[in-house]
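Chain residues, written in single-letter form:
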Amino acid sequence: MSWFGWRKSNPWLAWLGIIGAGIAAAPLIWLGIRAVLASTPYVTLQPRLQEACRVCSGAPLDGTKPYRIGRLLVVQPSGIPIGQIMADESLAGITAPSKNTIGTLVCVGEPVSVRIGTASCGTPLYRQYREVCLIDYATQRVLYRTNLAGSQPTFSG
């Protein structure tokens, strides 16, 4: 019996599969929509945000006392806001709800994988790092710059 013959004889099972796939995809679609809507107000600022993030590359690494001024806008080095962070309801008190309320710009660099060792079975272990830079949005002055390490790699094999 071919696949199509089986599907024709059990159409309810095919519909259950389609409904199940829709239910599984719904949260991802909802989170994606929220992320896009959260980053939309800042689209026109992208060139200015990108230029501000370039300032970070020349600033010294300073991992002592970070602070923020006002509300935060979290962006990639290209100046595109990170919508998932801006839409996170638990951060609603510190993220900027509009362009006029941005006090501190947070530039989060791309992840860089660094090999830190080898597991007992011979598999290489990597740890990810990201550069994070806080900038006073009004003056374009770097407030803080550091590299943040991800969690220690684990291997179960």
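It should be emphasised that the depicted structure is a prediction, and the values quoted were computed from it without experimental measurement.

Calculation notes
Residues numbered from 1 in each chain as written. Predicted model: local features only at pLDDT ≥ 70, side-chain atom pairs only at ≥ 80, totals over all residues. Heavy atoms only, no water. Helix = DSSP H or I, 4+ residues; strand = E, 2+ residues; numbered from the N terminus. Buried < 20%, exposed > 50% of the residue type's maximum accessible area, 1.4 Å probe, protein only. Contact = heavy atoms within 4.5 Å. Areas by Shrake-Rupley, 256 points an atom, 1.4 Å probe, with all protein chains shown as cover. Core = buried A, V, L, I, M, F, W, Y, C linked by side-chain atoms within 4.5 Å. Disulfide = S-S within 2.5 Å. Patch = residues over 30% accessible without salt bridge, like charges linked within 9 Å, V, L, I, M, F, W, Y side chains within 5 Å. Salt bridge = Lys/Arg side-chain N within 4 Å of Asp/Glu carboxyl O. Phe/Tyr/Trp six-rings, centres within 6.5 Å; stacked < 30°, edge-to-face > 60°. Lys NZ or Arg CZ within 6 Å of the ring centre and 35° of its normal. Polar contact = N/O pair within 3.5 Å; in protein donor to acceptor, adjacent residues only side chain to side chain.

S.K.: Please clarify how the overall build of the protein chain should be interpreted in this entry.
M.R.: Assigned secondary structure in the protein chain consists of four helices and five strands. Listing each helix as α and each strand as β along the protein chain from the N terminus yields α-α-α-β-α-β-β-β-β. Within the protein chain, buried positions represent 27% of all 157 residues. Within the protein chain, counting contacts between residues at least 6 apart in sequence, those at least 24 apart form 61% of the total. As displayed, the protein chain has an accessible area near 10,200 Å², and 62% of this comes from carbon and sulfur atoms.

S.K.: For this particular structure, what's the right way to read the nonpolar core?
M.R.: A general feature of soluble globular proteins is that nonpolar side chains tend to end up buried together. Grouped together as the largest cluster of nonpolar side chains are 27 residues, with contacts concentrated most on Leu73 and Leu105. For this core, the secondary structure elements donating two or more residues are α3 (46-56), β1 (71-75), β2 (102-108), β4 (124-136) and β5 (141-149). Other than its neighbours up to four places away in sequence, Leu73 contacts Tyr42, Leu49, Pro81, Met86, Ile102, Thr104, Leu105 and Val106.

S.K.: When you look at the state of the cysteines in this model, what are you seeing that I'm missing?
M.R.: What is meant by a disulfide is a covalent connection between two cysteines, made through their sulfur atoms. Within the structure shown, the criterion is met by two disulfides. Bridging Cys56 to Cys133, the disulfide has an S-S length of 2.0 Å. Taking the torsion about the sulfur-sulfur bond, which here is approximately -90°, the covalent link between Cys56 and Cys133 counts as left-handed. Residue Cys56 is located in helix α3, and its partner Cys133 is located in strand β4; the two are separated by 77 residues in the primary sequence. Both residues of the pair, Cys56 and Cys133, belong to the buried class. Each disulfide of the protein chain joins two cysteines, and with those cysteines numbered along the sequence the arrangement is 1-3, 2-4.

S.K.: I keep staring at a nonpolar patch on the surface and nothing clicks. Help me out?
M.R.: Together, Ile29, Trp30, Leu31, Ile33 and Leu37 give the surface a local cluster of nonpolar side chains, amounting to about 550 Å² of exposed area. Within the fold, Ile29 resides in helix α2 (residues 11-39).

S.K.: Can you walk me through the packing of aromatic side chains in this structure?
M.R.: Aromatic ring pairs are described here by two measures, namely the spacing of the ring centres and the angle between the planes. In this structure the tally under the stated criterion is zero aromatic pairs. For Arg48, the ring lying beneath its charged end belongs to Tyr137, and the centroid distance is 4.2 Å.

S.K.: How do you make sense of the environment of Arg71 when you look at a structure like this?
M.R.: Looking at where Arg71 falls in the secondary structure, it is placed in strand β1. Classification of Arg71 as partly exposed rests on a relative accessible area of 30%. On a C-alpha basis, the gap between Arg71 and Ile94 in space is 5.1 Å, while along the polypeptide they are 23 residues apart. Among residues more than four places away in sequence, those in contact with Arg71 are Ala92, Gly93, Ile94, Thr95, Ala96, Pro97, Thr101, Ile102, Gly103 and Thr104. Here the side chain of Arg71 touches Gly93 through a polar contact of 3.5 Å, landing on its backbone oxygen.

S.K.: Explanation requested: the environment of Leu45 in the structure shown.
M.R.: Within the secondary structure layout, Leu45 lies in the loop between α2 and α3. Leave out the neighbours within four places in its chain, and Leu45 touches Lys99, Ile102 and Tyr137.

S.K.: Explain the side chain of Thr104 to me, please; I cannot follow it from the model alone.
M.R.: Assignment of secondary structure puts Thr104 in strand β2. By relative accessible area, which is 0% here, Thr104 ends up buried. Within the structure, the side chain of Thr104 is placed 2.6 Å from the backbone nitrogen of Ile69, a separation counted as a polar contact. Sequence-distant contacts of Thr104, that is, excluding residues within four places in its chain, are made with Arg68, Ile69, Arg71, Leu72, Leu73, Leu134, Ile135, Tyr137 and Leu143.

Such coordinate-based values are descriptive only and should not be taken to indicate function.
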